[in-house]
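Results of the structural survey
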Amino acid sequence: MTFACKNGQPASRRAGWRPVFLTLALMTIPLVGASAQPATDPDWPCAQRLVPELSAATLWQGPELPTTPPPADDATTDLAERLIDRSLPMDKATELVNETVSGTAAAERRAKMEGLFLAVIDVANRQRSGMIEGIRNFGRRQHALADRINNESRQIRDLEAQGTDAASDDLPGLREQHLWDLRIFDERQHTVRLACDEPVQVEQRSFALGRVIASTLKEQGQ
């Protein structure tokens, strides 16, 4: 089978790059499910809504929390870190909460449990802060890579339009780099979906712990 040539370049070879240009035309930033996320942070690439910080009052299901709680002691902070650890099954976390209640004088239980929940939220926010910053950094890198890919596309189109021997010499290397960058971009898109779920899981864990702590207080008549 023969193909018509233009400027010494097979037509099939030129046409083969059209899908790549179409792929680039469909690339948009934010990068993952952008339509679901209000454009409040251009570096946020997740479909999940960006919640920079968890609110204790929003997640708490018990009595009204103190407006100026005392700082958590080391033991409470250590327990909060154990509870927020998602490798700890929730039934084990519930046992730890119950043990803490049992070992606390009745008059101090409400303050103790509220302090524990606030410590959980503090630990959760510190964890999520690192996660969110990492995801934002990823979004910035993807922005830069998308810009480079689009620039490579323009260079390829310009070189193909020139049709000179010098342009033909430059095209193979540029095309190879272009395909490599597209592959990296796509692989990162799959990876970020997992990263985007991490802050949500911490939020869900915090809510579940708040429910356990509030329920324990209720059972104690607090």
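For the structure, see preceding data.
A brief structural summary. (Residues numbered from 1 in each chain as written. Predicted model: local features only at pLDDT ≥ 70, side-chain atom pairs only at ≥ 80, totals over all residues. Heavy atoms only, no water.)

1. With respect to the overall build of the protein chain
The criterion, for reference: Helix and strand definitions follow DSSP, with helices as H or I runs of at least four residues and strands as E runs of at least two, each counted in order from the N terminus. Contact criterion: two residues are considered in contact whenever any of their non-hydrogen atoms come within 4.5 Å of each other.
What the protein chain contains, in helices and strands, is seven helices and two strands. The linear arrangement of helices and strands in the protein chain, starting from the amino end, is β-β-α-α-α-α-α-α-α. Taking all contacts inside the protein chain whose residues are at least 6 apart in sequence as the whole, residues at least 24 apart take part in 79%.

2. Re the nonpolar core
Across soluble globular proteins, you tend to see nonpolar side chains buried next to one another. The cut-off we apply is this: Side-chain atoms within 4.5 Å are what join buried Ala, Val, Leu, Ile, Met, Phe, Trp, Tyr and Cys residues into a set we call a nonpolar core. For every residue, the accessible area obtained with a 1.4 Å probe (protein chains only) is divided by the maximum for its type, and the residue is called buried under 20%, exposed over 50%, and partly exposed between those limits.
In terms of nonpolar packing, the biggest core is built from 29 residues, with Trp-60, Leu-83, Met-113, Leu-116, Phe-117 and Ile-213 touching the most fellow members. At the level of elements, helix 3 (56-59), helix 4 (74-84), helix 5 (90-102), helix 6 (109-162) and helix 7 (165-219) are the ones that each hand at least two residues to this core. With eight residues, helix 6 is the single largest residue contributor to this core. Core analysis: the next-biggest nonpolar cluster, separate from the first, contains eight residues, Trp-44, Ile-135, Val-192 and Cys-196 among them.

3. So, the packing of helix 4 against helix 6
Working note: a packed helix pair is described by the angle between its axes plus the distance between those axes. Going by this rule: Lines fitted to the C-alpha atoms define the axes, with helices restricted to the stretch that makes contact. Angles between their N-to-C directions range from 0 to 180 degrees. Should an angle lie under 35 degrees it is considered roughly parallel, over 145 roughly antiparallel, and from 65 to 115 roughly perpendicular; all remaining angles are considered oblique. Each helix crossing is assigned a hand: it is left-handed if the near helix lies turned anticlockwise from the far helix by less than a right angle, otherwise right-handed if that turn is clockwise. Each residue is assigned to one class: nonpolar for Ala, Val, Leu, Ile, Met, Phe, Trp, Tyr, Cys and Pro, charged for Asp, Glu, Lys and Arg, and polar for all the others, Gly among them.
Relative orientation of the contacting elements helix 4 and helix 6 amounts to 60°, with a least axis distance of 8 Å. Taken as axis vectors, helix 4 and helix 6 run oblique relative to one another. Remark: the crossing between helix 4 and helix 6 carries right-handed chirality. The residues of helix 6 that touch helix 4, namely those facing Thr-76, Thr-77, Leu-79, Ala-80, Glu-81, Leu-83 and Ile-84, are Lys-112, Gly-115, Leu-116, Ala-119, Val-120, Val-123, Ala-124, Arg-126 and Gln-127. Tallied by class, residues from the contact of helix 4 with helix 6 come to nine nonpolar, four polar and three charged.

4. With respect to a negative patch on the surface
Condition: Distance thresholds for patches are 9 Å for like charges and 5 Å for nonpolar side chains (Val, Leu, Ile, Met, Phe, Trp, Tyr), applied to residues having over 30% relative accessible area and no salt bridge. Here the Shrake-Rupley method, with its probe set to 1.4 Å, supplies the accessible areas, and only the displayed protein chains count as covering residues. One side-chain nitrogen of Lys or Arg within 4 Å of one carboxyl oxygen of Asp or Glu is enough to make a salt bridge. Counting rule for charge: Lys and Arg are taken as positive, Asp and Glu as negative, and neither His nor the chain ends is counted. Note that the charge is assigned to NZ on lysines, CZ on arginines, CG on aspartates and CD on glutamates.
Residues Asp-73, Asp-74, Asp-78 and Glu-81 make up a contiguous surface patch of negative charge. Tracing the chain through its elements places Asp-78 in helix 4. Looking at Asp-78, the relative accessible area reads 44%, which means it is partly exposed.

5. A short note on the pattern of salt bridges
Going through the model one piece at a time under the given rule, you end up with nine salt bridges. A salt bridge links Arg-86 to Glu-198, with the nearest nitrogen and oxygen atoms 2.9 Å apart. Taken as a pair, Arg-86 in the loop between helix 4 and helix 5 and Glu-198 in helix 7 lie far apart in primary sequence, 112 residues in all. Overall, Arg-86 belongs to the partly exposed group, its relative accessible area being 31%. Notably, a salt bridge pairs Asp-181 with Arg-148, separated by 2.9 Å at the nearest N-O pair. Within this pair, whereas Asp-181 is found in helix 7, its partner Arg-148 is found in helix 6, the two being separated by 33 residues in sequence. The exposure class of Asp-181 is buried, given its relative accessible area of 2%. Accessibility expressed as a relative area gives 43% for Arg-148, which makes it partly exposed. Ionic contacts of the salt-bridge type, sharing partners, join the residues Asp-43, Glu-133 and Arg-140 into one network.

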